[in-house]
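Overview (structure and organization)
As a plain string of letters, each chain reads:
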Amino acid sequence: MPRTPSSPLLLAGLLAGAALAHAALPQQFDAIVPRSLPGTPRRWTYASGAAELALAAGVAHPRTRRVAALAAAGFFVGVFPANVKMAVDARRRSPAHRAVAIGRLPLQVPLVLWARSVSRSAAPGRTAAR
């Protein structure tokens, strides 16, 4: 991804939009929570939405951007099993739904690379005044 001044804000917007989607349409996200995770799918849906919102705030703020963008890259890797589950479950759906579900899998790679790029291009955080 290009290193433009708006790139961190676009990443923050993507994360915030995903967080809002988790709150507005939790059923869709509940369905892709891997069964192997403890607790209820709804709890994971809300937790991942809260994490996305926190990451969005961190990426948006210049002082926390470097760490938050790196954490976002880790988050994108961490949610990959949900995308795999979505693709596996799509076997019983329409061809269009299968194509979208399978197409999401390789999209995680540019998201991870984008977040890493934002992290690398962020100015090092300042320490508190002594």
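Up top you'll find the structure we're talking about.
**Comments concerning the layout of surface pockets**
- Taken as a whole, the largest pocket encloses approximately 670 Å³ of empty space.
- Classifying every residue of the lining of the largest pocket gives 19 nonpolar, 6 polar and 2 charged.
- There is about 260 Å³ of room inside the second largest pocket.
- Around the second largest pocket, the lining residues are Gln27, Gln28, Phe29, Ala31, Ile32, Met86, Asp89, Ala90, Arg93, His97 and Arg104.
- The set of elements that each furnish at least two residues to the lining of the second largest pocket consists of α2 (26–30), α5 (80–89) and α6 (95–121).
- The element best represented in the lining of the second largest pocket is α2, accounting for 3 residues.
- In the lining of the second largest pocket, the residues fall into 5 nonpolar, 3 polar and 3 charged.

**What to know about the packing of helix α1 (residues 7–24) against helix α4 (residues 65–78)**
- Orientation of α1 relative to α4, taken along the N-to-C sense of each, is 50°, at an axis distance of 12 Å. If you check the angle between α1 and α4, you find them oblique. Crossing hand, α1 versus α4: left-handed. Residues Pro8, Leu9, Leu11, Leu14 and Leu15 of α1 form the contact with α4, whose own contacting residues are Arg65, Ala72 and Phe76.
- Here the contact of α1 with α4 is built from residues that sort into 7 nonpolar, no polar and 1 charged.

**As for α5**
- All buried positions along α5 are accounted for by Ala82, Asn83, Lys85, Met86 and Ala87.
- Tucked into the core, α5 has its buried residues touching α6.

**Section: the nonpolar core**
- Within the largest apolar cluster, 17 residues are counted, with the highest numbers of intra-cluster contacts made by Leu11, Leu15, Val59, Ala72, Phe76, Ala115 and Val118.
- At the level of secondary structure, the elements contributing two or more residues to this core comprise α1, α3 (41–60), α4 and α6.
- The biggest single contributor to this core is α4, with 6 residues.
- When residues no more than four places from it in sequence are discounted, the contact partners of alanine 115 are Leu11, Ala69, Ala72, Ala73 and Phe76.
- Ile32, Ala87, Ala90 and Ala101 belong to the second-largest nonpolar core, a separate cluster that totals 6 residues.

**A short note on α1**
- Its 18 residues place the ends of α1 26 Å apart at the C-alpha level, agreeing with the 26 Å of an ideal helix rising 1.5 Å per residue.
- Of all the residues in α1, the buried ones are Ser7, Pro8, Leu11, Ala12, Leu15, Ala19 and His22. Angularly, the buried residues of α1 cover 145° about the axis, an arc narrow enough to put them on a single face. Across from the buried face of α1, at angles greater than 90 degrees, the exposed residues are Leu9, Leu10, Leu20 and Ala24.
- Residues of α1 that are buried sit in contact with α2, α3, α4 and α6.

**Describing the packing of aromatic side chains**
- Per the counting criterion, the structure on display carries 1 aromatic pair.
- Arranged with centres 6.4 Å apart and planes meeting at 65°, the rings of phenylalanine 75 and phenylalanine 76 form a pair that is edge-to-face. Grouping residues by exposure puts phenylalanine 75 and phenylalanine 76 together as buried.

Rules used throughout
- Residues numbered from 1 in each chain as written.
- Predicted model: local features only at pLDDT ≥ 70, side-chain atom pairs only at ≥ 80, totals over all residues.
- Heavy atoms only, no water.
- 1 Å grid on protein atoms, 1.4 Å probe; cavity = no way out; pocket = protein on both sides within 12 Å on 5 of 7 lines; lining within 4 Å.
- Points joined across faces, edges and corners; volume = space filled by probe spheres on them.
- Nonpolar A, V, L, I, M, F, W, Y, C, P; charged D, E, K, R; others polar.
- Helix = DSSP H or I, 4+ residues; strand = E, 2+ residues; numbered from the N terminus.
- Axes fitted to C-alpha atoms, helices over the stretch in contact; angles between N-to-C directions.
- Parallel < 35°, antiparallel > 145°, perpendicular 65-115°, else oblique.
- Left-handed = near helix turned anticlockwise from the far one by under 90°.
- Contact = heavy atoms within 4.5 Å.
- Buried < 20%, exposed > 50% of the residue type's maximum accessible area, 1.4 Å probe, protein only.
- Core = buried A, V, L, I, M, F, W, Y, C linked by side-chain atoms within 4.5 Å.
- Expected span 1.5 Å × (residues − 1).
- Arc of directions from axis to C-beta.
- Phe/Tyr/Trp six-rings, centres within 6.5 Å; stacked < 30°, edge-to-face > 60°.

Just geometry here; none of it tells us what the structure is for.
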